[in-house]
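Structural characterization, general
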Amino acid sequence: MSAISPAPDTVDLEAVRSVAGAVHRAIATVIEGKDEAVATAVTALLAEGHLLVEDVPGVGKTMLAKALARAIDCRVSRVQFTPDLLPSDITGVSVFNQDSREFEFRRGAIFANVVVGDEINRASPKTQSALLESMEERQVTVDGQTYALPRPFLVMATQNPIEMEGTYPLPEAQRDRFMARISMGYPSASSEMTMLETHGSVSPLEGLHPVTTAADVEQQIDNVRGLHISTALRQYVVELMSASRAHRMLRLGASPRAGLQLLRAARAHAALAGRDHVLPEDVQAMAVPVLAHRVLPTGEASLAHRSTADIVRDLVERTSVPSGR
């Protein structure tokens, strides 16, 4: 597991909200009418998680990832996942230097603060697995040597769930590495009209400039870690996880990692709301984006056209909220 710096003695909520607000507003100039998706992306950034954006083509998945990357003055890399992409293209490779007569490590695309992975399900499982260590432990091991990744570190991957020909669906172990999954959805008529008027002649990304730095984001991540979580709230999360494993509509419930990720996301959600402590409402607000992609429905649920998001909402409604807040 990656080393985690100690939480600060005091939480500067104003700094957290200032940085997050600036990033949100910058992205909103590019992504029209999708405040909820943008808010979830910013929450994942502050919770030091990774984000999977899944939707049909042309609704702004890659644009959201690029906009978030441009809003932060940091190292950014973009990877177009294709069937011929190799793991070494992601992690890096050792190359023999004729002059020094030694092997030198050439860093791959993963060595960046924000990594944009476009159509991740088009790469082979072998290449997809190259991301496992990086996303979980914030490090890369090549030829027995371990290299730490920069902080903050965020992977934003997109995938198209409709066109499955020539794709390799993400295995459960890979999907479990993503803190949250969101869908962009089609814009409203008014948002689409605004988009046609303002984005028709020039790319909106051209006018987007960094509004914060990697150091500022790292500081706010440390601030978010300082939020208080009560024992009763931790018990509430445990009960949600247990309920998912016993639900008759699920053949695979949420993992212990899912509970950890849900608490981290709830911390960031509370900080953005201006609170230095986490409430059950924060857990409930992040339950669907954090849990829905980690559980697997039964055949009965599929026949009943019950999505995993519907089942997670049912879990939240049925699980009692702790009285001691």
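Residues numbered from 1 in each chain as written. Predicted model: local features only at pLDDT ≥ 70, side-chain atom pairs only at ≥ 80, totals over all residues. Heavy atoms only, no water.

1. A short note on the sheet that holds strand β9 (residues 154–159)
Here we have five strands laid out as an open sheet, ordered β3-β6-β9-β1-β10, and parallel in their pairing. What marks the edges here is a single partner per strand, and that holds for β3 (76–80) and β10 (180–182). On average, each strand axis in the sheet is inclined to that of its neighbour by 15°, with strand direction left out of account. One ladder, built from three bridges, connects strand β1 (residues 51–54) with β10; its direction is parallel. Counterpart to L52 in the pairing with β10 is R181. (Pairing = 2+ DSSP bridges. Helix = DSSP H or I, 4+ residues; strand = E, 2+ residues; numbered from the N terminus. Axes fitted to C-alpha atoms, helices over the stretch in contact; angles between N-to-C directions.)

2. Here's the deal with the pairing of strand β8 (residues 145–148)
Looking at chain direction, strand β7 (residues 139–142) and β8 are connected through four bridges and run antiparallel. Its bridge partner lying in β8, V140 is registered against Y147. Counting the residues between successive antiparallel strands, the hairpin from β7 to β8 contains two residues, one of them, D143, with a positive phi of roughly 55°.

3. What to know about the layout of surface pockets
Of the pockets and cavities examined, the second largest pocket occupies roughly 480 Å³. Along its surface, the second largest pocket is lined by 19 residues, and E36, T40, R181, I182 and P289 are the ones closest to its centre. Breaking the lining of the second largest pocket down by element, the ones donating at least two residues are α2 (35–46), β10, α12 (280–291) and α14 (308–318). Examining the composition of the lining of the second largest pocket, we find that six residues originate from one element, α2, more than from any other. Here the lining of the second largest pocket is built from residues that sort into ten nonpolar, four polar and five charged. (1 Å grid on protein atoms, 1.4 Å probe; cavity = no way out; pocket = protein on both sides within 12 Å on 5 of 7 lines; lining within 4 Å. Points joined across faces, edges and corners; volume = space filled by probe spheres on them. Nonpolar A, V, L, I, M, F, W, Y, C, P; charged D, E, K, R; others polar.)

4. Here's the deal with the nonpolar core
By size, the foremost hydrophobic cluster in this structure holds 73 residues, and its most contacted members are I27, L64, L262 and L291. Here this core takes eight residues from helix α11 (residues 256–272), the largest share from any one element. If you look at the next biggest cluster of nonpolar residues, it comprises 24 residues, including F81, F105, A112 and L131. (Core = buried A, V, L, I, M, F, W, Y, C linked by side-chain atoms within 4.5 Å. Buried < 20%, exposed > 50% of the residue type's maximum accessible area, 1.4 Å probe, protein only.)

These results come straight from atomic positions and should not be treated as a statement about function.
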